[in-house]
Amino acid sequence: MWVLFLLLAWAAAGVACARLCLAAASAGRGLAAGPAAGPRGTAAGAAPAVLPAGPLSLYETAFLSGGPHRVADLALVAMSRQRRMLLAHTGWATVVDPEGRDAIERSVIAALGPEGQSRIPPVRAAVTTADAVRALGDRLVSAGLAVPAAVRDRVTAASRQVRGAALLVLVSGLAAEVLAGQAGGGTGAGAGHPVAPWFALPLVLTLGTLAIARFEIRTWTRWASPAGELRLRAAADRGRGERALLTALALRGPGVLPQPELRQALGGARSPLRGQ
């Protein structure tokens, strides 16, 4: 009976690891192909977006570093420091100047509703799905600076499946050991002998795959592509004063803000980074 658990463990480990390898290979081919594949919602073969050769904008830096949530945080903090919005440490946002200076700020103001006041989490969630933020992401993907959402989601889901397979192998091994112990009076491989070691190889396979994936495919679970990472490294050395603070926020999140009330309002370093 315990052999069925072993077969189940091998099947789960093999399928999960194969799926992760295929997802990684597909992601590698997609990134190597560059922007020709087109962003989400753009037909393949369409002309890729061309970003200016100069520095990334703050919104572009925020998206490549932390995705749509980071863009929302950047817009909220920028408006707050310009006294055009109040961010309370209790987690409420109140608009002071209802005139947004760009499409993303207008999305923030629209998310606050007709009363001009709302809790920050719903505002952030609404901004991350706004047309302006989606257009920003599509433009970065088309330019080859951001990892397409489909690629990132596929690799992330495959990694999660391998972790689940590793847990299944452990559970199957323990169950097989219990069954073998209960049938200790019989004959065969499980009679009087531990069967858990038979599960060592599929466990090593799944854990080894996860260890390799941690270093080899992490690029495809981030927002920025390798080309985008190069642009981000250049962005880290620019800016002074207010620009430097907003750049640090775009790169590293609300945890870098010097005002405790702003960090508390935005959730500090625990502010969500992905629309995952």
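Just above, that's the structure.
Summarised in this report is the structure supplied together with it. (Residues numbered from 1 in each chain as written. Predicted model: local features only at pLDDT ≥ 70, side-chain atom pairs only at ≥ 80, totals over all residues. Heavy atoms only, no water.)

Right, let's get into the overall build of the protein chain. Within the protein chain, the regular secondary structure consists of ten helices and three strands. Starting at the N terminus, the α and β elements of the protein chain follow one another as α-α-β-β-α-β-α-α-α-α-α-α-α. Across the 276 residues of the protein chain, 42% fall into the buried class. Long-range contacts, defined here as pairs at least 24 residues apart, represent 73% of the contacts in the protein chain between residues at least 6 apart. Working note: accessible area of the protein chain is about 14000 Å², and carbon and sulfur atoms make up 62% of it. (Helix = DSSP H or I, 4+ residues; strand = E, 2+ residues; numbered from the N terminus. Buried < 20%, exposed > 50% of the residue type's maximum accessible area, 1.4 Å probe, protein only. Contact = heavy atoms within 4.5 Å. Areas by Shrake-Rupley, 256 points an atom, 1.4 Å probe, with all protein chains shown as cover.)

What follows covers a nonpolar patch on the surface. Side chains of Met1, Val3, Leu4 and Leu7 sit close together on the surface and give an oily, nonpolar patch of about 430 Å² of accessible area. For methionine 1, the location among the structural elements is in the segment before helix H1 (2–33). Exposure remark for methionine 1: the relative accessible area of 66% places this residue in the exposed category. (Patch = residues over 30% accessible without salt bridge, like charges linked within 9 Å, V, L, I, M, F, W, Y side chains within 5 Å. Salt bridge = Lys/Arg side-chain N within 4 Å of Asp/Glu carboxyl O.)

For the rest of this paragraph, the subject is the packing of helix H6 (residues 149–182) against helix H7 (residues 200–216). In the contact formed by H6 and H7, the axes pass within 9 Å of each other and the chain directions differ by 155°. As far as their axial angle goes, H7 and H6 are roughly antiparallel. Where H6 crosses over H7, the two elements pack in a sense that is left-handed. Counting all contacts with H6, which are made through Ser159, Val162, Arg163, Ala165, Ala166, Val169 and Leu170, the residues of H7 involved are Pro202, Leu203, Thr206, Leu207, Thr209 and Leu210. Considered class by class, the residues forming the contact of H6 with H7 number nine nonpolar, three polar and one charged. (Axes fitted to C-alpha atoms, helices over the stretch in contact; angles between N-to-C directions. Parallel < 35°, antiparallel > 145°, perpendicular 65-115°, else oblique. Left-handed = near helix turned anticlockwise from the far one by under 90°. Nonpolar A, V, L, I, M, F, W, Y, C, P; charged D, E, K, R; others polar.)

Our next topic: the sheet that holds strand E1 (residues 85–87). Across the sheet, which stays open at both edges, the three strands sit in the order E1-E2-E3 with antiparallel pairing between neighbours. Two strands in the sheet have a free side with no partner beyond their single neighbour: E1 and strand E3 (117–119). Adjacent strand axes in the sheet meet at a mean angle of 15° when their direction is disregarded. Strand direction decides the pairing type here: E1 and strand E2 (residues 92–95), joined by three bridges, are antiparallel. When the bridges of E2 are listed, leucine 87 appears paired with alanine 93. (Pairing = 2+ DSSP bridges.)

The next subject is the state of the cysteines. Applying the stated criterion to the full structure yields zero disulfides. For the unlinked cysteine cysteine 17, the closest cysteine sulfur is that of cysteine 21, found at 6.7 Å. Given a relative accessible area of 6%, cysteine 17 falls into the buried group. What makes cysteine 21 partly exposed here is its relative accessible area of 49%. (Disulfide = S-S within 2.5 Å.)

Along the chain, leucine 246 turns up in helix H9 (residues 242–252). Residue classification places leucine 246 among the buried positions, given a relative accessible area of 8%. It is 9.3 Å that separates the C-alpha atoms of leucine 246 and alanine 62, two residues lying 184 residues apart in sequence. Not counting chain neighbours up to four residues away, the residues in contact with leucine 246 comprise Leu58, Leu74, Val77 and Ala78.

As for its position among the elements, glutamate 60 is in helix H2 (residues 58–81). Buried charged residue glutamate 60 carries no salt bridge. Nearest counter-charge: arginine 139, at 4.0 Å. (Lys, Arg positive; Asp, Glu negative; His and termini not counted.)

Taking every second residue as pointing to the same face, the buried face of E2 carries Ala93 and Val95, while none of Trp92 and Thr94 on the other face is buried. Joining the antiparallel neighbours E1 and E2 is a turn of four residues, in which glycine 91 adopts a positive phi near 95°. Bridge count between E2 and E3: three bridges; the pairing is antiparallel. Opposite tryptophan 92, over in E3, you have arginine 119 as the bridge partner.

Under the criterion given, the structure shown has two aromatic pairs. Considering the side-chain rings of tryptophan 2 and tryptophan 198, the 5.9 Å spacing of their centres and the 55° angle between planes classify their relative orientation as tilted. With tryptophan 2 in helix H1 and tryptophan 198 in the loop between H6 and H7, this residue pair connects regions lying 196 residues apart in the sequence. On the basis of relative accessibility, which here comes to 11%, the residue tryptophan 2 falls in the buried class. Positioned above the aromatic ring of tryptophan 223 is the side chain of arginine 152, whose terminal nitrogen or guanidinium carbon lies 3.6 Å from the ring centre. (Phe/Tyr/Trp six-rings, centres within 6.5 Å; stacked < 30°, edge-to-face > 60°. Lys NZ or Arg CZ within 6 Å of the ring centre and 35° of its normal.)

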